[in-house]
Amino acid sequence: MKEYDIAVIGGGPAGLAAAIEAKKHGAEAVLLIDRDKELGGILQQCVHSGFGLHIFREELTGTEYAERFIKELKELRIEYKLDTMVLNITEEKVISMVNKTEGLVNIKARAVILAMGCRERTRGAINIPGTRPSGIFTAGTAQRFVNKEGYMVGRNVVILGSGDIGMIMARRLTLEGARVRVVAEALPYPGGLVRNIVQCLEDYDIPLLLNHTIVDIKGKDRIEGVTIAEVDENRKPIAGRLQYYECDTLLLSVGLIPENELSKGIGVKLDPITGGPVVNESMETTVNGIFACGNVVHVHDLVDYVTEESRKAGRNAASFVKGKAAEYGLPISTKPGNGIRYIVPHFIRQDKVEHSVDLFMRVDKIFTNKKLVVKSGDTVIRIINKAYMRPGEMERISITAESLKTVDNLSLTVDVE
Amino acid sequence: MYDIAVIGAGIAGCSIARELSRYNVRIILIEKNSDVADGTTKANSAIVHAGYDTKPGTLKARFNAPGAQMYERLCSELDVPYKKTGSLVLAFSLDEMKTIQKLYDQGISNGVSDMEIIGKDKVLEIDSNLSDELVGALYARNAGIVSPWELAIALAENAVENGVNLLLDSEVTNIEKMNGLYRLHMEDKLVEARLVINCAGLYSDKINEMVAAPSFKILPRRGQYNVFDKSLNFVNTVIFQCPSDLGKGVLISPTIHGNTFIGPDAEDIQDRESVQTTMEGISYIWEASARSAKGLKPNAVITAFAGIRARSSTDDFVIGESKEAKGFINVAGIESPGLTAAPAIAIHVADIVKELMGGLGANADFNPARRKVLRFIELSEEDKNILIKQDPRYGRIICRCESITEGEIVDAIHRKAGARSLDGVKKRVRPGSGRCQGGFCGPKVMEILARELGIDIKDVVKNSRKSYILTGETKDKSLYEDVHDFAAASKKI
């Protein structure tokens, strides 16, 4: 069985950055595996701009952003396999994969970086009532058809959900000559970034209906229309507040789910809120030597943050295989308090924090003029004033190594106060 | 000119066409939809019922238990996945235990073997996720699960291999009674046959009325379902509640491919095409199934669907030659346990045909076996590698949720009665049935369909002829109606 230092599963932005960083930090034999026939993952279909503002301080398209990493991967002579599906990974880090040329192959790695990304929530998963005709697409699938394959998916479009991909597709389809009638969002606030609301909807006069959802789909062969209802605070349709929209296409942008089927197979512990692995400050999962980064851990707003997190995973995986084994004290666990849905990382080993550690989190509803308070027991460690917070934008709090020393009961809580 | 025309390629029509292909007769199987198994056969509970809940003396009782006993052999001949899981009818009170006893007695008189009335502890031993409030259950070891559409497709494929002609996209709009034969009118063609077998499911009353006065009505009754992610693995057996007037109640059951489902409700409707799910229907099946077991989570749902039972106004199967139309055989009202009964019904109908035609000679070339389906994920490591060496397309996984390879999809397209649409591929080899519901694999499957069928990808459909998926290419100038010739306009400036 061929052996590698590090195997990276997934060649999207997370896997690319992790593999590059691992190699740069001294891992010799790095192998990156992707199921697609090209590297870049979902960035291959992101022809819009807005990528790279944090990492490169310039505005790139998704494909340009990916290209920079692909180029670097090749320059570093990192081995990669395309059109290759990983079927299984064991706790001992034996990876079974299959492709057309080599057949079924098993390899062994000393460390594994999980970077499989996420998938889109479907119509079935949210039980939208009605018939099941053609013309219903998740926003990402539609994006692939339009941007990668060069085909239009419809002419008269309704979009459910105000996730970023949905809003970006509203603009994209409009520019291709389709009419996007409305974007309906069941929640009282939009799901995606403010800049997408402005640049993709407002600039094109596409109405965004908050507190609205689809309660019926009509059409036997191809979709013919949808009924949109206003919903109350419990997301239940309000009687009589219905409107029928004729359309030939329905796009869904109703959430992303980290793809952790392989992770479950290994036996890493998953966070039921994020749907991704429980990780420590080094992006290591609960199984020794198995790291994870990017949208497989938690869904990010910006690819730049994915890159940052993945570099961290790559660095730490490299230092893991270089065998600097050390004893660590009991880790501090992070606990989402009032108003916080989740925090990544879940554990912090103090000895591994040189200068500071960043906590990433999402609030559970909109807050104005509040504080994010980090506490250990009754000891306040940090307070950040926030004029505006919403679930659609990730919050980040940096905690210095110095202040971690004041944590006494091995737990850190973040509350909205 | 055919000896026999079978109208409807659902489980009944496919079973009968395949059974008759054992004999030396010319058969045509006619289907209005673009694929076989496209009506009630593709949307039902997929249960092989043991046979205890049919009323003795009915046709349902006559064909249920014998049908169930034929499944093992039939599915092995046709290489269709089938599993004898057993079923439990739960009782939540002593009153319901009396119903259980009645069902047991009924089963005995229907010839059902391997039944047992068991207490709570034993029930929970079999399925530990069930409600703590149950008292006991009827355990029927002969009940099982199958994929009804895969079985019907396999039957159709085998029938075609054995000489049956299959005509898709052909709705029979009128039937002329001629001297000693029937002339079937379709939109753009005519078919003549000496005998007609009406297996038209939800439309079987309409077909009957083309040759005879109304003798039964189809009263469509819709049922809705939710299907859960494979990771759930919630029950081992088919879980029933005590039956009511509306049917066998809401079940919790494993599917043959390892998912779990809940459903169906039972709602009488007018429109026979009305297969939509509703908020009321779905909430009802959640409420009702919660009685059997708690702990099912909505976030594990991967899809919902509805099917329509072709219930007859006579409340039983309608099987036999029409009194008014000689040589016209009705096989109608095939609602539950129709799937289970289908193989037994087919043999009975073949007997009717033999009598009407004065005996049938054997088809010397008849082969009951279908060419094996290679299911990549079920092969050993060694066999996987041998297969990929022979045909590298088995090394390219298209559907990652269900681990389905390009080789399997191509095979499903090129078999007799093969897949011609996205749903056709899904029904045969499952890409699109998993948790991503085709989000990832859909575009790839479309590409393969276009290539293998030699059509433009824009002409690939979901299921019916009008269920187009793509509307054109990008940069289509005809869409910019209000924008004048841009190049000419810029020149003027």
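**Description of the sheet that holds strand β22 (residues 340-344) of chain A**
Residue and element names in this part refer to chain A.
Logical step 1: One open sheet holds the 3 strands; their spatial order is β22-β24-β27, and the pairing between them is antiparallel. Edge strands, defined here as strands with exactly one partner in the open sheet, are β22 and β27 (395-400). Neighbour-to-neighbour, the strand axes of this sheet turn through a mean angle of 25°, independent of strand direction.
Logical step 2: Here 6 bridges tie strand β24 (residues 356-363) to β27, and the two strands are oriented antiparallel to one another. Within the sheet, the bridge partner assigned to Met361 lies in β27 and is Glu395.

**Side note on the domain arrangement of chain B**
Residue and element names in this part refer to chain B.
Logical step 1: Each assigned domain of chain B is listed with its residue range as follows: domain 1 (2-357) and domain 2 (376-459).
Logical step 2: Distance from the C-alpha centre of domain 1 to the C-alpha centre of domain 2: 27 Å.
Logical step 3: Contact with domain 1, which involves 22 residues of that partner, is made by 13 residues of domain 2.
Logical step 4: Summed over both partners, the interface of domain 1 with domain 2 buries about 1500 Å², with 46% contributed by carbon and sulfur atoms.
Logical step 5: Among the salt bridges present, the one from Arg428 reaches Asp35, with a minimum N-O distance of 2.7 Å.
Logical step 6: Sorting the residues of the side of domain 1 that touches domain 2 by element identifies α5 (148-161) and β18 (301-312) as the ones contributing at least two each.
Logical step 7: If you tally residues by element for the side of domain 1 that touches domain 2, the top one is α5, at 7 residues.

**Considering unusual backbone geometry**
Logical step 1: Pro264 of chain B follows Gly263 of chain B through a cis peptide bond whose omega is -5°.
Logical step 2: With respect to the secondary-structure elements, Pro264 of chain B resides in the loop between β16 (260-263) and β17 (267-268).
Logical step 3: Cis geometry marks the peptide bond from Ser336 of chain B to Pro337 of chain B, where omega comes out at 5°.
Logical step 4: The backbone phi angle of Asp205 of chain A is positive, close to 55°, even though this residue is not glycine.
Logical step 5: Turning to its location among the elements, Asp205 of chain A is positioned in the loop between α5 (194-201) and β14 (208-210).
Logical step 6: At Asp315 of chain B, a residue that is not glycine, the phi angle is positive and equals roughly 65°.
Logical step 7: Mapped onto the elements of the fold, Asp315 of chain B is located in the loop between β18 and β19 (318-321).

**Considerations on the environment of Ser128 of chain B**
Residues and elements named next belong to chain B.
Logical step 1: Mapped onto the secondary structure, Ser128 falls in the loop between α4 (120-126) and β7 (136-140).
Logical step 2: Relative accessible area serves as the criterion here: at 59%, Ser128 is assigned to the exposed category.
Logical step 3: Sequence separation between Ser128 and Gly144 is 16 residues, and the spatial gap between their C-alpha atoms is 19 Å.

**Some thoughts on the interface of chain B and chain A**
Logical step 1: Listed as interface residues are 55 residues of chain B and, on the opposing side, 49 residues of chain A.
Logical step 2: Here chain B and chain A share an interface that buries about 4600 Å² over both sides, 54% of which is from carbon and sulfur atoms.
Logical step 3: If you look at where chain B meets chain A, you find 6 salt bridges.
Logical step 4: Glu176 of chain A serves as the salt-bridge partner of Lys475 of chain B, at 2.2 Å between the closest nitrogen and oxygen.
Logical step 5: Scanning the region where chain B abuts chain A turns up 21 residue pairs in polar contact (both at pLDDT 80 or more).
Logical step 6: Where the side of chain B that touches chain A is concerned, the elements lending two or more residues are α7 (279-292), β18, α9 (381-390), α12 (442-453) and β23 (472-473) of chain B.
Logical step 7: The leading source of residues in the side of chain B that touches chain A is β18 of chain B, at 6 residues.
Logical step 8: Residues belonging to the side of chain B that touches chain A are distributed by class as follows: 24 nonpolar, 16 polar and 15 charged.
Logical step 9: The pairing of strand β11 (residues 151-152) of chain A with β23 of chain B spans 2 bridges and is antiparallel. Within β23 of chain B, the position partnered with Met152 of chain A by the bridge is Gly472 of chain B.

**Here's the deal with the environment of Ala111 of chain A**
All names here are of chain A.
Logical step 1: Summarising the element assignment, Ala111 is placed in strand β8 (residues 103-114).
Logical step 2: Classification of Ala111 as buried rests on a relative accessible area of 0%.
Logical step 3: It is 15 Å that separates the C-alpha atoms of Ala111 and Glu79, two residues lying 32 residues apart in sequence.
Logical step 4: If we ignore the near neighbours within four places in the chain, the residues touching Ala111 are Asp5, Ile6, Ala7, Lys93, Gly289, Phe291, Ala317, Phe320 and Val321.

**What about the pairing of strand β15 (residues 212-218) of chain A?**
Residue and element names in this part refer to chain A.
Logical step 1: The buried fraction of β15 is high, at 6 of 7 residues.
Logical step 2: With 6 bridges joining them, β15 and strand β16 (residues 225-231) adopt antiparallel strand pairing. Residue Lys218 lies in a different strand from β16, and its bridge partner there is Gly225.
Logical step 3: Taking the residues between adjacent antiparallel strands as the criterion, β15 and β16 are bridged by 6 residues, where Gly219 takes a positive phi near 130°.

**Regarding the sheet that holds strand β21 (residues 332-336) of chain A**
Residue and element names in this part refer to chain A.
Logical step 1: An order of β23-β21-β28-β25-β26 is seen for the 5 strands of this open sheet, with the pairing classed as mixed. With one partner strand each, in any of the chains shown, β23 (347-348) and β26 (379-389) form the two edges of the open sheet.
Logical step 2: Where strand β25 (residues 367-376) and β26 come together, 9 bridges link them in antiparallel fashion. What sits directly across from Thr368, in β26, is Tyr388.

**Looking at the side chain of Arg172 of chain A**
Logical step 1: Relative to the assigned elements, Arg172 of chain A resides in helix α4 (residues 164-175).
Logical step 2: Residues contacting Arg172 of chain A, with those up to four places away along its chain left out, are Val47, Val146 and Asn147 of chain A together with Lys475 of chain B.

**What about the nonpolar core?**
Logical step 1: By size, the foremost hydrophobic cluster in this structure holds 63 residues, and its most contacted members are Ile6, Ile9, Ile89, Ile95, Ile113 and Leu114 of chain A.
Logical step 2: When sequence neighbours within four positions are dropped, the list of residues in contact with Ile9 of chain A reads Ile33, Val86, Ile89, Ile95, Val112, Ile113, Leu114, Ala115, Met116 and Leu262 of chain A.

**A closer look at the pairing of β22 of chain A**
Residues and elements named next belong to chain A.
Logical step 1: Buried residues dominate β22, accounting for 4 of its 5 residues.
Logical step 2: When β22 meets β24, the two strands line up antiparallel, connected through 4 bridges. Considered in β24, the bridge of Tyr342 is made with Arg362.

**Some points on the packing of helix α10 (residues 406-414) of chain B against helix α11 (residues 422-429) of chain B**
All names here are of chain B.
Logical step 1: Running from amino to carboxyl end, α10 crosses α11 at an angle of 110°, the nearest separation of the two axes being 10 Å. The angle between α10 and α11 falls in the class roughly perpendicular. Contact residues: Glu408, Ile409, Ala412 and Ile413 in α10; Val425, Arg428 and Val429 in α11.
Logical step 2: Residue composition of the contact of α10 with α11, grouped by class: 5 nonpolar, no polar and 2 charged.

**What about the packing of aromatic side chains?**
Logical step 1: Here the structure, examined in full by the defined rule, presents 10 aromatic pairs over all chains.
Logical step 2: Between Phe137 of chain A and Phe145 of chain A, the ring centres sit 6.1 Å apart and the planes meet at 80°, which makes this aromatic pair edge-to-face.
Logical step 3: Accessibility expressed as a relative area gives 2% for Phe145 of chain A, which makes it buried.
Logical step 4: Each ring, one from Phe228 of chain B and one from Trp286 of chain B, has its centre 5.6 Å from the other, and the planes form 65°; the classification is edge-to-face. With Phe228 of chain B in strand β13 (residues 218-228) and Trp286 of chain B in helix α7, the pair connects residues that are 58 residues apart, well separated along the chain.

**Comments concerning the environment of Glu230 of chain A**
Residues and elements named next belong to chain A.
Logical step 1: Tracing the chain through its elements places Glu230 in strand β16.
Logical step 2: It is 33 Å that separates the C-alpha atoms of Glu230 and Gly117, two residues lying 113 residues apart in sequence.
Logical step 3: If near-sequence neighbours (up to four positions away) are discounted, Glu230 is found in contact with Asn211, His212, Lys236, Pro237, Ile238 and Arg241.
Logical step 4: Polar side-chain contacts of Glu230 include one of 2.8 Å to the side chain of Arg241.

**With respect to α4 of chain A**
Residues and elements named next belong to chain A.
Logical step 1: The terminal C-alpha atoms of α4, which comprises 12 residues, lie 17 Å apart, in line with the 16 Å expected from a rise of 1.5 Å per residue.
Logical step 2: For α4, the buried fraction is high: 9 of the 12 residues fall into the buried class.
Logical step 3: Listing the buried residues of α4 in full gives Asp164, Gly166, Met167, Ile168, Met169, Ala170, Arg171, Arg172 and Leu173.
Logical step 4: Where α4 is buried, its residues touch α3 (139-149), β11, β12 (156-160), β13 (179-185), α5 and β18 (249-252).
Logical step 5: Positive phi appears at Gly177, one or two residues downstream of α4, with a value of about 100°.

Conventions we followed
Residues numbered from 1 in each chain as written. Chains lettered and ligands numbered in written order. Predicted model: local features only at pLDDT ≥ 70, side-chain atom pairs only at ≥ 80, totals over all residues. Heavy atoms only, no water. Pairing = 2+ DSSP bridges. Helix = DSSP H or I, 4+ residues; strand = E, 2+ residues; numbered from the N terminus. Axes fitted to C-alpha atoms, helices over the stretch in contact; angles between N-to-C directions. Domains from an automatic or database assignment. Contact = heavy atoms within 4.5 Å. Buried area = accessible area lost by both parts, 1.4 Å probe. Salt bridge = Lys/Arg side-chain N within 4 Å of Asp/Glu carboxyl O. Buried < 20%, exposed > 50% of the residue type's maximum accessible area, 1.4 Å probe, protein only. Polar contact = N/O pair within 3.5 Å; in protein donor to acceptor, adjacent residues only side chain to side chain. Nonpolar A, V, L, I, M, F, W, Y, C, P; charged D, E, K, R; others polar. Core = buried A, V, L, I, M, F, W, Y, C linked by side-chain atoms within 4.5 Å. Parallel < 35°, antiparallel > 145°, perpendicular 65-115°, else oblique. Phe/Tyr/Trp six-rings, centres within 6.5 Å; stacked < 30°, edge-to-face > 60°. Expected span 1.5 Å × (residues − 1).

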